Protein chains: 2
Amino acid sequence: FLIPGKEKCLISYFHMYGRYTQELGVYAKEEAARLRESGQRRSVSRTLDLLEYDKGRCAKCRICTVRCQKFLISRVGEDWIFLILLGLLMALVSWVMDFCIAICLQAQKWMYGGLDSNVFLQYLAWVTYPVVLITFSAGFTQILAPQAVGSGIPEMKTILRGVVLKEYLTFKTFVAKVIGLTCALGSGMPLGKEGPFVHIASLCAALLSKFMSLFGGIYENESRNIEMLAAACAVGVGCCFAAPIGGVLFSIEVTSTFFAVRNYWRGFFAATFSAFIFRVLAVWNRDEETITALFKTSFRLDFPFDLQELPAFAVIGIANGFGGALFVYLNRLIVQFMRKQKAINRFLMKKRLLYPALVTLLISTLTFPPGFGQFMAGKLTQKESLVTLLDNRTWAKQGIAEEFDYIGHSEAWKHPQVNVFVTLVLFIVMKFWMSALATTIPVPCGAFMPVFVIGAAFGRLVGESMAAWFPDGIHTDGTIYPIVPGGYAVVGAAALSGAVTHTVSTAVIVFELTGQISHILPVMIAVILANAVAQSLQPSLYDSIIRIKKLPYLPELGWGHHEKYNIRVEDIMVRDVRYITLNCSYRDLHNVLLTGHLKTLALVESTESMILLGSIERAQLQALLSLQLGRPRRLAYIRERAVEDKKRLSVVSNDSSENSSHRASQEVRFQISTEDSSLSPTRPVPLKPLKPALKRSSVVERPTEIPTGPHDHSGIALKNLFCASPDTEALEVREPCPQIHPTYTNTHTHTHTQSEWEEKQLDEQVNFNNCKIDPAPFQLVERTSLHKTHTIFSLLGLDHAFVTSIGRLIGVVSLKELRKAIEGSVTVKGAKVRPPLASFRDSGTSSSENEATELHKLWDRHKSMPLPREHTPSESDEKSQ
Amino acid sequence: FLIPGKEKCLISYFHMYGRYTQELGVYAKEEAARLRESGQRRSVSRTLDLLEYDKGRCAKCRICTVRCQKFLISRVGEDWIFLILLGLLMALVSWVMDFCIAICLQAQKWMYGGLDSNVFLQYLAWVTYPVVLITFSAGFTQILAPQAVGSGIPEMKTILRGVVLKEYLTFKTFVAKVIGLTCALGSGMPLGKEGPFVHIASLCAALLSKFMSLFGGIYENESRNIEMLAAACAVGVGCCFAAPIGGVLFSIEVTSTFFAVRNYWRGFFAATFSAFIFRVLAVWNRDEETITALFKTSFRLDFPFDLQELPAFAVIGIANGFGGALFVYLNRLIVQFMRKQKAINRFLMKKRLLYPALVTLLISTLTFPPGFGQFMAGKLTQKESLVTLLDNRTWAKQGIAEEFDYIGHSEAWKHPQVNVFVTLVLFIVMKFWMSALATTIPVPCGAFMPVFVIGAAFGRLVGESMAAWFPDGIHTDGTIYPIVPGGYAVVGAAALSGAVTHTVSTAVIVFELTGQISHILPVMIAVILANAVAQSLQPSLYDSIIRIKKLPYLPELGWGHHEKYNIRVEDIMVRDVRYITLNCSYRDLHNVLLTGHLKTLALVESTESMILLGSIERAQLQALLSLQLGRPRRLAYIRERAVEDKKRLSVVSNDSSENSSHRASQEVRFQISTEDSSLSPTRPVPLKPLKPALKRSSVVERPTEIPTGPHDHSGIALKNLFCASPDTEALEVREPCPQIHPTYTNTHTHTHTQSEWEEKQLDEQVNFNNCKIDPAPFQLVERTSLHKTHTIFSLLGLDHAFVTSIGRLIGVVSLKELRKAIEGSVTVKGAKVRPPLASFRDSGTSSSENEATELHKLWDRHKSMPLPREHTPSESDEKSQ
C-alpha cells in the first residue's frame with residue numbers, strides 16, 4: 001500500500017513564489033511552447049497574407065483552409081473545447097463499460113440458468129466466474145499499474161491539494177483502471193464504479209491535456225491543470241450516475257478543501273455534457289425511449305409524505321449515521337487485521353492473487369441463489385436490487401408478504417417460507433460485511449454503490465414496517481394516503497452513502513438518480529443527521545483510506561471548536577530552525593545539511609539579525625556542495641598541482657627553500673580561509689554584506705544548469721552528507737549512497753592531500769550566485785491562530801511556513817506540526833486540542849487538561865534554550881546609540 | 001448611492017498577521033469576554049461542588065438546575081445551536097412577511113373589486129394603493145437606514161470578501177429592510193424578495209451573534225462571524241424559496257470567490273431547517289395539506305420531453321442569455337441616465353420620494369386591468385402569474401386560444417379579441433422594462449423573482465409555439481406524447497434568472513421550487529448556454545451594482561484566457577513605494593504622510609538595504625506624529641519653560657550671560673537634532689541599527705492606548721498633514737480639518753517659538769515603541785503571474801501586497817492596480833489584457849495591441865526613475881569586500 005511518490009510531496013499548486021523553484025526543464029519547455037505557438041500563429045497569418053495576393057485557381061479554397069486552421073488553433077486553447085472533449089470521452093467510456101459489465105453479468109446468469117439440471121455444476125459456474133474475473137482483474141492491475149487499485153478518490157484529493165503522486169495519472173494506469181474495473185464489476189461482487197470513475201476522469205483529463213499540449217502552449221500551465229482535474233472529478237461522478245449537479249457537488253465535497261467558485265461552471269458544463277451524451281447513447285441504443293433518470297421512480301406527486309412520517313425519516317438518518325461509521329470502521333479493521341497478522345500477511349504477499357480469489361469465493365458462495373442466497377435475494381445484481389428497492393409499491397401489507405403479486409425482479413425478495421422483513425434484514429447484514437470486505441480486494445473498485453444499495457434496503461425495511469404499522473397511512477382527515485416504502489428507500493440510500501462519505505450532496509445525487517425531488521425535506525434531514533452522527537464517530541471512508549495509505553494530507557478541522565481559535569502558531573512551531581547565513585562557509589552548509597531534515601532551508605542575513613531573506617531547497621544546497629567538492633574541481637586542482645610538481649621536477653628540485661616557501665604560502669592561504677570560516681558564526685558582520693550577494697542572486701533569471709544529482713562526490717564530507725549517520729532522524733531526501741568512485745584510485749594524490757584540499761574547500765565562503773532562492777517564502781507571525789494557519793495551509797497548499805517577527809526568523813511550522821496539533825492529544829498552555837468532529841464525543845468533560853505531551857516538552861525545551869534574539873540586545877543597543 | 005463606509009475598507013477576513021492591526025478596543029473586549037466566560041464556568045462548577053456537599057431539601061433540584069445551566073452554557077457555543085436559531089428566526093420572518101404581503105395584495109384586489117361600478121374610482125384605488133406603499137417604503141427606509149435600499153447581495157459579497165461596510169449589519173437596517181420590503185412587495189410592483197432576504201438573513205446572523213455573545217466568548221471571533229454570514233446567505237435564499245440546496249449553491253455562487261468546503265454543512269443545515277420550518281408553518285396554517293414545493297408542478301413523469309425538443313430548449317437558453325445581458329444593461333442605463341441628467345437629478349434630490357411615486361404611478365397605470373393591463377394579464381400578482389405559467393396544460397392548440405377552458409387564474413391570459421401569443425409577448429416586453437425600472441426605485445427590493453417570471457413567460461411562449469407547431473408531439477413511433485409548454489416555462493425561468501445573476505444553481509432552485517426534476521437536462525443545457533452568452537456580454541446584475549455603487553471589490557478573471565498567465569506582477573506593480581525607515585525622523589514621517597496616499601506604509605531597514613521589516617497603518621503613524629507634536633507635550637514644554645522663566649524672574653534676572661548660555665545650550669541641542677535629521681537620508685547607517693528598534697517593538701503585546709483621532713494638533717505641520725494640499729492626490733483618509741484650537745490662544749508662547757519647538761520635535765528620531773507594526777505583510781515576487789496574484793488576493797482578502805526580491809522591497813500592488821489590469825484596456829509589454837468573459841466578443845481580432853494606457857505610462861515613468869536598488873551597488877560592493 002506504500003505509494004512510490006509519497007516522499008516526493010512537491011507542493012506545487014499555489015507555488016506563488018514565481019518560477020524560481022520550478023524545475024528548469026519545465027520552464028524551458030514552457031518558454032519553447034510559447035515561442036512555438038506564437039511562431040506558428042505568425043506563420044499562419046503570413047501564409048494568409050501571401051495567399052490573398054495570390055489569385056490562383058484554388059486560392060479561395062486555400063485561404064479558407066488556412067483561416068479554418070487559424071481559427072482552430074486559436075480555439076483549441078479554449079477551456080470549453082477541452083471540457084466538451086473530456087465529457088464526450090468519459091460518456092463513451094462510461095457507456096462502453098456499462099455495456100461490457102451488463103454483458104458479463106448476463107453471461108453469468110446465462111451460465112447459471114443453463115445448468116439448472118445439476119445444482120453442483122450450477123454452483124461451480126456461479127462461483128468460478130466471479131473468481132476468475134476478480135483474479136484476472138487483480139493480476140492485471142498488479143502487473144500493469146498497481147496505482148489503479150482502489151477507489152482513487154483519496155489519491156485525487158491528495159493530488160488536488162497540490163501533492164504530486166507519481167504514476168497516478170499515466171496512460172498505463174488508465175488502461176489498468178478501465179479494464180480492471182470492468183472485470184471487477186462484471187463479476188457481480190458488491191463493488192461500485194463511482195470512486196474509480198473519478199480517477200478515470202482525472203486520468204482522461206491529464207492524458208487529454210497532454211495530447212492537447214501538442215497544439216497550444218497553455219496546456220503546460222500547472223494551475224490550469226489542477227482546475228481541469230477538479231472539473232474532471234465532477235465529470236467522473238456526473239457520467240457515472242447521469243447526475244451532473246450531484247456530481248459536481250459530490251466531487252467538490254470529496255476532493256476539495258477550498259473551492260474556487262470561478263471553476264464551478266467548468267464542472268457543470270463538462271458534467272452536464274457528459275451526462276447528456278451518456279443518456280443519449282442509451283436512447284440511441286434503444287434502451288430507453290427518451291432521456292430519463294437512471295433509476296426512475298414514480299412516487300405519488302400530490303402527497304409524497306405526511307408530516308408525521310418525519311420522525312421515521314429522522315430515525316433512518318440517525319441509524320444510518322451509526323451504520324456509516326460502522327462501515328468505515330469495519331473496512332479499516334479488515335485492512336489492519338490483514339496487515340497485522342504477519343503469518344497471513346507473509347503468505348498472502350507470496351500468493352498475491354489468493355486473497356481476492358478467497359474473498360470472492362466466500363462472497364459468491366454465500367449469495368448462491370439455491371443456497372443461502374435465496375434468503376437474501378442473491379439472484380439480483382446490484383442494479384436490479386436497487387430498482388426493486390426503489391419500487392413505489394408496498395411489498396408487505398399487514399406484515400404478510402404473500403398478499404400481493406410480485407412481478408419481475410421483485411420476485412427475488414419473496415420466499416415461500418420466510419417473511420419479507422427477514423429477507424431484508426438478512427440482505428442488509430450480509431451485504432454490509434460483504435461490501436466492507438469486498439472493497440479491501442486489491443482491484444479498482446469503489447464503495448459508494450454497495451453502500452447506497454444497503455442504505456436503500458434499510459430504508460425499505462423501515463418503510464415496509466411503517467406500511468405494516470399504518471396500513472391506511474397516518475394522515476387522518478379525508479383522503480387515504482398510504483405510506484410509500486420506496487420513498488423511505490430513497491431516504492435511506494442517501495443517508496447511508498452520505499454517512500460513509502461525509503457528504504451532503506448524496507441528497508442531490510439521489511434526486512437525479514430517481515428523477516424525483518418530492519422527498520427533498522426527508523432526504524435532507526436524514527442526510528444531515530446521518531452526517532452529524534457519522535462525523536462525530538469516524539472519519540470519512542476516503543479520509544480513512546488516506547490515513548491507512550499514509551498519504552500526505554492535512555486533516556480537517558472539526559465542527560466549531562473554540563480551542564482552534566485559542567492555539568497560536570507560537571505554541572506549535574519548531575523554534576530550533578535550521579538556517580544558513582548569507583556569508584556562511586561551505587562547512588556550515590555541510591553541517592546544516594547533516595543535522596537538519598527539512599526539504600527547504602531558511603536563508604537569513606546573519607546569525608545576529610536573523611532577518612529572513614528567502615529559502616533554498618535542500619537539493620540546491622547539495623548541488624552547491626557537490627560543485628565545490630566535486631570531481632571536476634578536484635581534478636583541476638590535481639592537474640594544477642601536477643603541473644607544479646612537474647615544473648618542480650623539471651628544474652630538478654635542488655632548492656628546498658623554495659619548496660618550503662611554497663608550503664608556507666599554502667599554509668598561509670589555508671590559515672586565512674580557516675580564520676574566515678571559524679569566525680563566521682561569531683565575528684562581527686561586515687558593514688553591508690548584503691548587497692553583493694543580493695546583486696549576485698537577484699539577477700538569476702535563468703540560472704545556468706547545475707548538476708543536482710550526486711554524480712561524482714567521492715569526498716568524505718559528501719559521503720557523510722548523503723549516507724546519513726544513524727543519529728540523524730530519517731533524512732527525507734534519500735539519495736543513493738555513492739560508492740567511492742573507481743576512477744578515483746587512478747589519481748595520484750594521497751588521501752591526506754585530498755582531505756586537506758577538501759578542508760580548504762569547505763572553508764571557503766558559499767557563492768549563492770547560481771542558486772535558485774525562493775525570495776518570498778510564506779511567513780506567519782507568532783500569534784496567528786491554529787484555525788487561520790490551517791486555513792492558509794489548505795488554501796495555498798503549503799507544506800511549511802516560516803514564523804517571523806518583524807523580519808526576523810523565529811520558527812518554522814510544517815504540515816507535520818500542524819497535523820499533530822489538529823489530530824489531538826496535544827496540550828499546549830492548558831488548552832486541549834480535541835480530535836476533529838469530537839464535539840459529540842466528549843463535550844462535557846474537561847478532565848484531561850494537564851496531559852503532558854511531546855509538544856509540551858518541545859515547548860519547555862525551547863523556552864530554556866537561549867533564543868538568538870535574546871543574547872545580543874546589549875551589544876546592538878550600544879551600537880545604535 | 002454613495003456608501004458612508006466605502007473609504008474605510010478595512011480588510012479583515014483573513015488578516016493573518018495576528019492581532020496587531022486590530023482595534024485595541026476589540027482585542028480588549030475579547031480578552032474580557034474570555035476571562036468572563038472562564039470565570040463564569042469556574043463559578044458554576046464551584047457552586048456545583050458546594051451543592052453536592054449540601055444535603056438540604058431541594059439540593060437535588062438545585063444541583064440539577066446548575067448542571068443544566070452548565071450544560072446550556074457549554075452548548076450555547078456550538079454552531080448548530082446558532083444555526084437552528086438562525087433558521088427558525090428566518091423561517092418566521094419569511095412566513096410573517098409572506099403573510100403580510102399576501103394581505104396587502106388581497107386588500108388591493110378587494111378595493112379594486114369593490115369599486116367595479118366606477119372605472120375612474122377603480123383606477124384611483126388601483127394606482128393610489130401601490131404609490132402610497134412604495135412612497136412609505138422609500139421614505140421609511142430613507143429615514144431609518146438608507147443602507148437597506150436595494151438588493152443587498154452586492155454588499156454581502158463585499159462584506160464576505162472581508163471589507164467592513166459600516167451600518168450594513170445593524171438592527172436599524174434590519175427593521176428598515178423588513179418593513180420596507182414588506183411594503184414594497186405588498187404594492188404589487190414587479191420586485192423580488194430574494195436578494196433582500198440574503199441581506200436580512202445576514203442581519204439576523206449578525207444580531208443573533210451579538211446577542212449570543214452575552215453567553216459565550218467565541219461569538220467575538222471575526223472569522224467565525226464570516227463563516228456564519230456565509231451560512232446566513234444560504235438561509236436567506238433557502239427560506240425565501242423553500243429551496244435549501246439551491247439556496248446554498250446560489251448563495252455560494254453569488255457571494256463567494258473561494259468557498260471553504262468545511263462551511264458547506266453549515267449552509268445546508270441552517271437552510272434545510274429554515275425551509276422545513278417555513279413549509280411546516282404553511283401546513284399548520286392550513287394553507288397546505290403537507291410539505292410540498294412552493295410552485296408545485298405536475299408534469300408527466302414517464303416521458304417528460306423528447307430528445308428532438310432539445311434544440312428548442314437550447315434556443316430558449318441562448319435567447320435568455322441575450323435577454324439577461326439586456327436586462328442588466330437596461331438597469332444600469334436607467335441608473336446612469338438618472339444620475340447624468342443634472343436637472344432631473346437636482347430636482348429628485350430635493351424631492352426624494354417623487355421618483356418612487358412617479359415610477360409606481362407609471363407601472364401601475366399600465367397594468368390597470370380594465371386598461372392596458374387586460375392585454376398583459378395585469379390582474380395577476382407575480383405569484384399567480386408564475387403558477388399559471390408553470391401549468392401543465394397547453395393553452396393554445398393550433399394557435400387558437402379559445403378552444404379550451406381556462407380555469408382559475410389562467411383566465412387572465414385569455415382575451416376575447418387577442419391571441420394568447422400576443423398577450424404573452426406583451427407581458428414579456430412590458431414586464432421586462434418595468435422590472436428593470438422598478439428595481440432602480442430606492443426601496444429594499446430584488447430582481448430575481450421578476451426576472452424569473454419573465455423567463456417563465458418566454459419559455460411558455462416558446463412552448464406554446466412548439467405545441468401549436470407539433471400538436472401531436474414530435475415523437476413518431478407509437479404513443480402520442482404531446483408537448484408540455486409548462487416544461488418550457490421552467491426551462492425559461494431558470495435560464496433567464498441564471499443569465500441575469502450569472503449562476504448555474506438557478507437550475508437547482510427551479511427543481512426545488514417546482515418539486516420536479518424531470519427536466520434536468522434541458523434546464524441544465526439552457527442555463528449553461530444562457531450563462532455563456534450573458535457572461536460574454538455583461539457583468540452579472542450584482543457585479544453591475546457593485547460597479548455602480550463603486551464598492552471595493554475585485555472583478556473576476558474571465559473564462560480561460562491565456563494572457564492572465566503571461567502578465568507578471570512586475571508589469572502592474574507600482575515601483576515608487578512610499579516607505580519609512582527604521583531610524584527615520586518625525587520629519588520624514590511627516591513628508592511621507594503628506595505625499596503618499598496608501599492606507600499602509602512599508603517599514604524598511606534602511607534606504608540602502610530596503611529590507612522589508614513590516615508595514616504600519618497610516619493611522620498609527622498619524623497617532624505617533626500627533627503624540628509627538630500634540631498639545632500635552634507642548635503644554636509640558638511650555639510649563640517647563642514657564643517654570644524656567646519664573647525662576648529667571650524670581651532671581652531678578654540681572655545676569656544676562658546665564659540667559660545667553662541657556663539660549664546657546666538650546667541652540668546646540670537644536671543643532672544636534674537638525675544634524676540628526678538632515679543626515680538621515682544620506683548618512684552612513686550605524687552598524688546594527690536594527691536591534692534596539694526590534695526589541696522595542698517586538699514586545700508590544702498589548703500596546704498602551706494611543707489617541708488615534710486628531711484631537712489637539714493645532715501645530716502647523718499637523719495642519720498641513722490633515723488638510724491635504726491640493727496637489728496631493730485625493731487623500732483616502734479624510735480626517736476633518738482641525739480648526740486652530742481656541743485654548744491655544746491662552747498659552748503664552750509666540751507662533752515663532754512654537755514653530756521652532758515644532759521643528760525641533762520633528763527632527764527627533766521616531767520611536768516605534770508603542771506602534772502596532774504588522775510584522776508579516778503579504779509579499780509577492782516580481783514574476784508571480786496575474787492569475788496567481790488574483791487568486792491570492794481573492795483567497796486571502798488582501799487589499800495590497802508588497803513585491804519583494806530576496807527581502808528587499810521593490811514595489812507594491814494594491815487592489816486598484818489589479819482591478820485596472822483585469823478590467824482591460826491595459827497593454828503591458830504587448831500583451832493585451834482583455835476584459836473578463838470577453839472570449840466570445842473579440843476572439844479573432846488582435847488589432848488593439850499597441851493601445852497606450854495609463855498603466856503603460858506608469859511603467860515608463862518608473863523605468864526612467866532611478867530605482868533604489870540601482871544606485872547603491874558600487875558602494876555596498878566595496879563594503880562587503
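Every residue gets a number counted from 1 within its own chain, in the order that chain's sequence is written. Chain letters and ligand numbers both follow the written order, the letters beginning at A and the numbers at 1. In keeping with the predicted nature of the model, local features appear solely for residues at pLDDT of at least 70, side-chain atom pairs appear and are counted solely at 80 or more, and the whole-chain, interface and lining totals rest on all residues. Calculated side-chain values reflect all of the structure's heavy atoms, with hydrogen atoms and water omitted.

As recorded in an unreviewed UniProt entry, chain A goes by the name Chloride voltage-gated channel 2, listed as coming from Sander lucioperca. Per UniProt, the comment on chain A under Subcellular location (unreviewed entry) is "Membrane". UniProt positions are given in the numbering used here, feature names are shortened, and annotations may be inferred rather than shown by experiment.

A. The arrangement of the overall build of chain A in detail. Note on conventions: DSSP H or I runs of at least 4 residues are helices, E runs of at least 2 residues are strands, and numbering of each starts at the N terminus. Helices and strands together make up the secondary structure of chain A, namely 33 helices and 10 strands. Looking at chain A residue by residue over its 881 residues, the buried ones come to 59%. Look at the contacts in chain A between residues 6 or more apart in sequence, and 77% of them connect residues 24 or more apart. Surface exposure here means Shrake-Rupley accessible area, sampled with a 1.4 Å probe, where a residue is shielded only by the protein chains that are shown. As displayed, chain A offers around 36300 Å² of accessible surface, 60% of which is attributable to carbon and sulfur atoms. Each residue gets one of three labels from its accessible area relative to the maximum for its type: buried under 20%, exposed over 50%, partly exposed in between, using a 1.4 Å probe on protein chains only. Only heavy atoms enter the contact rule, under which two residues are in contact if any of them lie within 4.5 Å.

B. Structural view of the sheet that holds strand β6 (residues 779-780) of chain B. Residues and elements named next belong to chain B. DSSP calls a pair of strands paired once it identifies at least 2 bridges connecting them. Ordered in space as β6-β7-β8, the 3 strands form an open sheet in which the pairing is mixed. One side of each edge strand has no neighbouring strand; the edge strands of this open sheet are β6 and β8 (808-814). Sheet analysis places β6 next to strand β7 (residues 800-805), joined by 2 bridges and oriented parallel. Bridge pairing in β7 links Gln779 to Phe802.

C. Highlighting the pairing of strand β7 (residues 800-805) of chain A. Residue and element names in this part refer to chain A. Among the 6 residues in β7, 6 count as buried, and that is most of the element. Burial of the side chains of β7 extends over both faces: His800, Phe802 and Thr804 are buried on one face and Ala801, Val803 and Ser805 on the other. Looking down the strands as they point away from the viewer, one classifies a crossover as right-handed if the path from the first strand across the helix to the second runs clockwise. For the segment spanning strand β6 (residues 779-780), helix α30 (residues 786-796) and β7, crossover handedness is right-handed. Pairing between β7 and strand β8 (residues 808-814): 6 bridges, direction antiparallel. By the bridge assignment, Phe802 is partnered in β8 with Val812.

D. Fine view of the packing of aromatic side chains. Residue and element names in this part refer to chain A. Paired rings are identified among Phe, Tyr and Trp, the last through its six-membered ring, by centres lying within 6.5 Å, and are further divided according to the angle between planes into stacked (under 30 degrees), edge-to-face (over 60) and tilted (the rest). Throughout the structure, instances matching the rule amount to 36 aromatic pairs over all chains. Both rings, one in Phe259 and one in Tyr264, keep their centres 6.1 Å apart while their planes meet at 65 degrees; by these two values the pair is edge-to-face. Pair check on accessibility: Phe259 and Tyr264 agree, each one buried. Members of the aromatic cluster, joined through ring pairs, are Tyr112, Tyr123, Trp126 and Phe368. Counted as over-ring charges are cases with an Arg CZ or a Lys NZ within 6 Å of the ring centre that also lie within 35 degrees of the ring normal. Between the NZ or CZ atom of Lys193 and the centre of the ring of Phe197, over which it lies, the distance is 4.7 Å.

E. Here's a closer look at the pattern of salt bridges. A carboxyl oxygen of Asp or Glu within 4 Å of a side-chain nitrogen of Lys or Arg is what we treat as a salt bridge. Enumeration according to the criterion identifies 14 salt bridges over all chains in this entry. A salt bridge links A:Lys549 to A:Glu155, with the nearest nitrogen and oxygen atoms 2.5 Å apart. Of this pair, A:Lys549 sits in helix α20 (residues 541-549) while A:Glu155 sits in helix α5 (residues 153-160); the two residues are 394 residues apart in sequence, bridging distant segments of the chain. Pair check on accessibility: A:Lys549 and A:Glu155 agree, each one buried. B:Asp543 is the partner of B:Lys157 in a salt bridge, and the nearest nitrogen-oxygen pair spans 2.8 Å. Taken as a pair, B:Lys157 in helix α5 (residues 153-160) and B:Asp543 in helix α20 (residues 541-549) lie far apart in primary sequence, 386 residues in all.

F. Here's a closer look at the side chain of B:Ser187. All names here are of chain B. When you line up the elements, Ser187 lands in the loop between α6 (171-186) and α7 (194-212). For Ser187, a relative accessible area of 2% puts it in the buried group. Of the polar contacts made by the side chain of Ser187, one reaches the backbone nitrogen of Met189; its length is 3.4 Å. With residues near it in sequence (within four places) discarded, Ser187 still touches Leu105, Gln108, Pro130, Leu133 and Ile134. Definition of a polar contact: a pair of N or O atoms within 3.5 Å, with one able to donate and the other able to accept a hydrogen when the atoms are protein atoms, and with sequence-neighbouring residues admitted only if both atoms are side-chain atoms.

G. Geometry of the sheet that holds strand β2 (residues 579-581) of chain A. Residues and elements named next belong to chain A. On the basis of which strands lie adjacent, the open sheet formed by 4 strands has the order β2-β3-β4-β5 and mixed pairing. Each edge of the open sheet carries a strand with a single partner, namely β2 and β5 (773-774). Of the strand pairs in this sheet, strand β3 (residues 600-604) and strand β4 (residues 612-617) are connected by 5 bridges, and their pairing is antiparallel. Counted as the bridge partner of Val604 is Leu612 from β4.

H. Structural context of unusual backbone geometry. A positive phi angle is found at A:Ala377, which is not glycine, with a value near 50 degrees. Tracing the chain through its elements places A:Ala377 in the loop between α13 (354-367) and α14 (382-389). The phi torsion at B:His502 lies on the positive side, around 55 degrees, for a residue other than glycine. Turning to its location among the elements, B:His502 is positioned in the loop between α17 (485-501) and α18 (506-514).

I. Spotlight on the packing of helix α10 (residues 264-284) of chain A against helix α19 (residues 520-537) of chain B. To get an axis, a line is fitted to the C-alpha atoms, and for a helix only the part in contact is used. The angle between two axes follows their N-to-C directions and goes from 0 to 180 degrees. As a packed pair, α10(A) and α19(B) sit with axes 10 Å apart at the nearest point and diverge in direction by 140 degrees. Here α10(A) is positioned oblique relative to α19(B), judged by the angle of their axes. As α10(A) packs across α19(B), the resulting crossing turns out to be left-handed. Across the interface between the two elements, A:Phe268, A:Phe269, A:Thr272 and A:Phe276 from α10(A) touch B:Leu521, B:Met524, B:Ile525 and B:Ile528 from α19(B). Lys, Arg, Asp and Glu make up the charged group, whereas Ala, Val, Leu, Ile, Met, Phe, Trp, Tyr, Cys and Pro make up the nonpolar group; the residues left over, Gly among them, are polar. Grouping the amino acids of the contact of α10(A) with α19(B) by side-chain chemistry returns 7 nonpolar, 1 polar and no charged. Our angle categories are set so that under 35 degrees counts as roughly parallel, over 145 as roughly antiparallel, 65 to 115 as roughly perpendicular, and the remainder as oblique. Handedness of each helix crossing follows the sense of rotation of the near helix against the far helix: counterclockwise by less than a right angle gives left-handed, clockwise gives right-handed.

J. Geometry of helix α7 (residues 194-212) of chain A. Given a helix with a known number of residues, its expected span is that number minus one, times 1.5 Å. Between its first and last C-alpha atoms α7(A) spans 26 Å; for 19 residues at 1.5 Å apiece the expected length is 27 Å, and the two agree. By the criterion of burial, α7(A) is predominantly enclosed, with 16 of the 19 residues buried.

K. Inspection of the environment of A:Lys166 at higher detail. Structurally, A:Lys166 can be placed in the loop between α5 and α6 (171-186). A C-alpha to C-alpha distance of 29 Å links A:Lys166 and A:Gln538, two positions 372 residues apart in sequence.

L. Fine view of the packing of helix α11 (residues 310-340) of chain A against helix α15 (residues 420-438) of chain A. Residues and elements named next belong to chain A. Put simply, α11 and α15 touch, their axes get as near as 9 Å, and they point 45 degrees apart. Comparing their axes, α15 and α11 come out oblique. Along this stretch, α11 crosses α15, giving a crossing that reads as right-handed. Across the interface between the two elements, Gly323, Leu326, Phe327, Leu330, Asn331 and Ile334 from α11 touch Phe432, Trp433, Ser435, Ala436 and Leu437 from α15. Taken together, the residues that form the contact of α11 with α15 break down as 8 nonpolar, 3 polar and no charged.

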